[in-house]
Amino acid sequence: MPRVRYILSDGSERVVEVPTNCSVMYGATQNGVRGIEGECGGFANCATCHVYVAEDWLSKLDPASEHEYEMLDGTVSGRRRNSRLGCQLPVTEQLDGITVMLPEQQGQ
Amino acid sequence: MITQQDDIDLTTPSYFANGDPDALWARMRAEDPVHWTQGRLSRGFWSITRYEHAKLVYSGDNGLFSIQEYGNVLPPHPDFENPMNAEALRLTREGASLSSMDGVPHAALRQAFTQKFALPSINKLEQLIQTVTAEILNEVLPRGECDFAVDVAAKLPIMVIADIMGIPREDWDNMYLWNNMFASPDDPEFMVGSPLETAQFSLQKINGYCLGLALERRVRPGEDLISLMAQAEVDGKKLTDEQLGYNGLMFFAAGHETTRNTLCAGLHELVKHPEEFARLRSLRESRVALRTAIEEFVRWATPLNHQMRTAMADTRLGHREIRQGDLLVVWNVSANRDEAQFKNADTFDCQRAPNPHLGFGFGKHFCLGAHLARLEMVVMLEHLLALMHNIEVTAEPERAASNLFRGVKHLPIRFAPVAGVAQ
């Protein structure tokens, strides 16, 4: 199973195996990784699964849809060039080892 | 065994005021989780009571399962079943408001509003919400008693959304009354004729009012939600008159009973647990603690009893064959009490975390106003904890006679006001 490396805002790390094609958000919420909420269940409707993707992985991702792009303006922690919604990132074998940084805040 | 009387009960609004739907749903979860329900309406439907199946249905929104086909709520009465008679149903089937649309048009229209309801925008309303909360409480604090539902809990979401929509103050009382008539047309307190007549009357009033404001603001736009709605486009076209009226209703109504009912249910339960009240009081400056508590308020209250969908293709759910065209009714309250998902599901636990309840729905139609509702309720709770001591409910509240809205119409309380005023 491909793995995702989550770097939390306090500097700690979790590496988690995620079933192929399940999302980065799913990997976090299923494994109790703190720092991602995903309140709407993974439908790009709440912007609480915001992640910062490590630079060397960014170009390997499919580009954000127009909807995701818009939703990224709705994140509580500042939008950066490497911001994505975790629910829109299916984890494939090609993304094995992908590293994402979790923002300090997702909700209020 | 789930009986014919059980089926009839689920389609009879007064059962929800006088009966024990929680016990019925518990039996259904255990005995027949995907249960064909032939109640007093002309069409039967599948009752979904388990959390896992509820999520499956919502995950299929705008695809396998449709809202627009036959609407997202059960008709409260057989009179409401025929679209020729029932204006609200006709408008739903035409996708007149965001909450009843499917597919690409739904996604496109929702996108017009997402920034307005996203966290950065909502967080900017902190001061407004603080001010409204203080205004509401300053009126009741000196009395040492009030009807919490009417005097406090209902006012908060209405005043905030009315401000966001830019509705003039002098019109707030009318909007509130019409909205109550529309939401509970069966309820003797609000009826002006038959239930159908009551609903039609209030629908015309609210729609007409919102349409009027929207047309003005299409020409002279402001920064408010109605102006945003007036400018919104789907597929290059602005919203029709019907869509303007019905979306206006949706925005006004969507957060009204729901937020009111959640605050009432949460407070009512909280005052039964003085040690918990004291714990939260000591933590009232912790937004994390209050957020967690409010999340449990929502699960506990589950302000919408159900949501309905139509299957657009044959499928299976819980060993049942669902046919294309079948109606499915997801009983959210039942899903939120499902022991298979929530440990000690029947316990009110303000420290419950995670709390993946379905009180705000799930998936593509996940509540657009969830962040707003939470902030309103957190701020209100913060104030209540600071300013009201020894809260007691002085009369057992009447539950609303509705199979859609779950809650109480009145919640009489008395309390010892803490010296000072709300700020």
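Our structure's up above, just so we're on the same page.
Here is a short report on the structure shown in this document. It should be emphasised that the depicted structure is a prediction, and the values quoted were computed from it without experimental measurement. (Residues numbered from 1 in each chain as written. Chains lettered and ligands numbered in written order. Predicted model: local features only at pLDDT ≥ 70, side-chain atom pairs only at ≥ 80, totals over all residues. Heavy atoms only, no water.)

What about the overall build of chain A?
Inference 1: For chain A, the count of helices and strands is three helices and five strands.
Inference 2: The helix and strand sequence of chain A, counted from the amino end, reads β-β-α-β-α-α-β-β.
Inference 3: The C-alpha atoms of chain A give a radius of gyration of 12 Å, which matches the 13 Å a tight globule of 108 residues would have.
Inference 4: In terms of overall dimensions, chain A has C-alpha extents of about 30 × 30 × 25 Å along its principal axes.
Inference 5: Counting across all 108 residues of chain A, residues that qualify as buried make up 49%.
Inference 6: Here the contacts in chain A between residues at least 6 apart in sequence split such that 64% fall between residues at least 24 apart.
Inference 7: Surface exposure of chain A reaches about 5,100 Å², of which carbon and sulfur atoms provide 44%.
Inference 8: Charge centroids of chain A, computed over 9 positive and 15 negative side chains, lie 5 Å from each other. (Helix = DSSP H or I, 4+ residues; strand = E, 2+ residues; numbered from the N terminus. Rg over C-alpha atoms; globule rule 2.2 N^0.38 Å. Buried < 20%, exposed > 50% of the residue type's maximum accessible area, 1.4 Å probe, protein only. Contact = heavy atoms within 4.5 Å. Areas by Shrake-Rupley, 256 points an atom, 1.4 Å probe, with all protein chains shown as cover. Lys, Arg positive; Asp, Glu negative; His and termini not counted. Charge placed at Lys NZ, Arg CZ, Asp CG, Glu CD.)

Remarks on the nonpolar core
Looking at soluble globular proteins, one finds that nonpolar side chains tend to be buried together.
Inference 1: Formed by 96 residues in total, the largest nonpolar core has its most connected members in B:Phe148 and B:Ile167.
Inference 2: Ranked by the residues each element gives to this core, the list is headed by helix α19 (residues 370-387) of chain B, at twelve residues.
Inference 3: In contact with B:Phe148, other than residues within four places in its own chain, are B:Ala153, B:Leu263, B:Cys264, B:Leu267, B:Leu384, B:Leu411 and B:Ile413.
Inference 4: A:Val4, A:Tyr6, A:Met25 and A:Trp57 belong to the second largest nonpolar core, which has 29 residues in total. (Core = buried A, V, L, I, M, F, W, Y, C linked by side-chain atoms within 4.5 Å.)

A short note on the sheet that holds strand β4 (residues 83-85) of chain A
Residue and element names in this part refer to chain A.
Inference 1: Taken in spatial order, the five strands line up as β2-β1-β5-β3-β4 in an open sheet, and their pairing is mixed. Looking along the sheet, the strands with just one partner apiece sit at the ends: β2 (13-17) and β4. Mean inter-strand twist for the sheet, computed between neighbouring axes without regard to direction, equals 35 degrees. (Pairing = 2+ DSSP bridges. Axes fitted to C-alpha atoms, helices over the stretch in contact; angles between N-to-C directions.)

What about the interface of chain A and chain B?
Inference 1: Listed as interface residues are 19 residues of chain A and, on the opposing side, 19 residues of chain B.
Inference 2: Between chain A and chain B lies a buried interface of about 1,700 Å² when both sides are counted; carbon and sulfur atoms form 52% of it.
Inference 3: Our enumeration of links across chain A and chain B arrives at three salt bridges.
Inference 4: There are seven residue pairs in polar contact (both at pLDDT 80 or more) connecting chain A and chain B.
Inference 5: Split by residue class, the side of chain A that touches chain B holds five nonpolar, nine polar and five charged. (Buried area = accessible area lost by both parts, 1.4 Å probe. Salt bridge = Lys/Arg side-chain N within 4 Å of Asp/Glu carboxyl O. Polar contact = N/O pair within 3.5 Å; in protein donor to acceptor, adjacent residues only side chain to side chain. Nonpolar A, V, L, I, M, F, W, Y, C, P; charged D, E, K, R; others polar.)

Observations concerning the packing of aromatic side chains
All names here are of chain B.
Inference 1: Counted under the stated rule, the structure contains twelve aromatic pairs over all chains.
Inference 2: A centroid spacing of 5.7 Å and a plane angle of 85 degrees characterise the contact between Tyr 15 and Phe 16, whose relative ring orientation is edge-to-face.
Inference 3: Within the aromatic cluster, the residues linked to one another by ring pairs are Tyr 15, Phe 16, Trp 25 and Trp 331.
Inference 4: Lying over the aromatic face of Tyr 70, Arg 43 brings its terminal NZ or CZ to 5.0 Å of the ring centre.
Inference 5: The ring of Trp 300 has Arg 337 sitting right over it, with the charged end atom 4.3 Å from the ring centre. (Phe/Tyr/Trp six-rings, centres within 6.5 Å; stacked < 30°, edge-to-face > 60°. Lys NZ or Arg CZ within 6 Å of the ring centre and 35° of its normal.)

Regarding unusual backbone geometry
Inference 1: Note that the residue after B:Ala353, namely B:Pro354, is joined by a cis bond; omega there is -5 degrees.
Inference 2: One non-glycine residue with positive phi stands out, namely A:Ala47, at about 60 degrees.
Inference 3: Structurally, A:Ala47 can be placed in the loop between α1 (24-30) and β3 (50-53).
Inference 4: For A:Ala47, a relative accessible area of 3% translates into the label buried.
Inference 5: The residue B:Asn62 is not glycine, and still its phi comes out positive at about 65 degrees.

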